[in-house]
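In case you want the letters, here they are:
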Amino acid sequence: MALRIGDDAPDFTAETTQGTIKFHEWIGDGWAILFSHPKDFTPVCTTELGYMAGLKREFDKRNTKILGLSIDPVADHDRWQKDIEDTQGHKVTYPLIGDPELKVAKLYDMIHPNASGAQPRTAADNATVRSVFLVGPDKKIKMTLTYPMSTGRNFDEVLRVIDSCQLTAKFKVATPVNWKQGEDVIIVPSVSDEEAKTRFPGGWRAPRPYLRYVPQPK
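The rules behind these values
- Residues numbered from 1 in each chain as written.
- Predicted model: local features only at pLDDT ≥ 70, side-chain atom pairs only at ≥ 80, totals over all residues.
- Heavy atoms only, no water.
- Buried < 20%, exposed > 50% of the residue type's maximum accessible area, 1.4 Å probe, protein only.
- Helix = DSSP H or I, 4+ residues; strand = E, 2+ residues; numbered from the N terminus.
- Pairing = 2+ DSSP bridges.
- Right-handed = clockwise from strand over helix to strand, strands pointing away.
- Salt bridge = Lys/Arg side-chain N within 4 Å of Asp/Glu carboxyl O.

## Some remarks on the pairing of strand 3 (residues 31–36)
Part 1 of the reasoning: Across the six residues of strand 3, six count as buried, placing the element largely inside the fold.
Part 2 of the reasoning: Residue alternation in strand 3 divides its side chains into two sets, Trp-31, Ile-33 and Phe-35 and Ala-32, Leu-34 and Ser-36, and both sets are buried.
Part 3 of the reasoning: Pairing analysis gives six bridges linking strand 3 to strand 4 (residues 64–70), with the strands arranged parallel. The partner of Phe-35 across the bridge, within strand 4, is Gly-68.
Part 4 of the reasoning: Read as a crossover between parallel neighbours, the route from strand 3 over helix 2 (residues 43–61) to strand 4 is right-handed.
Part 5 of the reasoning: Sheet topology places strand 3 next to strand 6 (residues 131–135); four bridges connect them, and they run antiparallel.

Here you go:
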């Protein structure tokens, strides 16, 4: 069954490049990104894992942990990480799940339920394992993304979504199209004008009654 925004993120125990983790316990009271790739030693994913390694400090600032997943064994991940560092210039310091039996991939509907864990497998066999999940402190799914194999994922966009989710979890606002940190936001429709006067005493700009812009709350 497909997982949707607002669903509980399924808990699991898995072996990783940094030892055994229990997912919910590992997240703690922060946020987490769980992202998958089809197979180790593949070109697009090599660039993605390297870029994520370079962004780790940005995720740390947002109290967000990174967890990668491949249905290859942990031993393969250990060897692949050297290639990633050599070619991308960033050392992978976040854990990578080994999922050769497809347990986590199937739990998160990342791959066809009839897929076999038999090895060896090709990236084409694993074509649907190209997903990203953002999980909040309440262990609920806040965002999902699925990309085709031929298109590298935009992890700057993932950071933007985290900024939006963390802001809108704290204030009764939404973020408009292409919003970036520090730009104006929108008062949500559930907030009446009377309530808005209290919450946003500086006032707002309203080109339409339902479209009320305010500076980003601090």
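And the narrative resumes.
## Things to note about the pattern of salt bridges
Part 1 of the reasoning: On inspection of all chains with the given rule, the structure shows 18 salt bridges.
Part 2 of the reasoning: One salt bridge in this structure joins Asp-72 and Lys-39, with 3.5 Å as the shortest N-O distance. With Asp-72 in the loop between strand 4 and helix 3 (74–88) and Lys-39 in the loop between strand 3 and helix 2, the pair connects residues that are 33 residues apart, well separated along the chain.
Part 3 of the reasoning: In this structure Asp-72 comes out as buried when scored by relative accessible area, which is 3%.
Part 4 of the reasoning: The partner of Asp-163 in a salt bridge is Arg-62, with the nearest N and O atoms 2.7 Å apart. In this pair, Asp-163 is assigned in helix 5 (residues 155–170) and Arg-62 in the loop between helix 2 and strand 4, connecting sequence segments 101 residues apart. With respect to burial, Asp-163 and Arg-62 carry one shared label: buried.
Part 5 of the reasoning: Three or more residues are tied together by salt bridges with common partners; here these are Glu-58, Lys-61, Arg-62 and Asp-163.

## Side note on the pairing of strand 10 (residues 205–208)
Part 1 of the reasoning: Judged from the two bridges that link them, strand 10 and strand 11 (residues 211–214) form a sheet pairing that is antiparallel. By the bridge assignment for strand 11, Arg-208 is matched with Leu-211.

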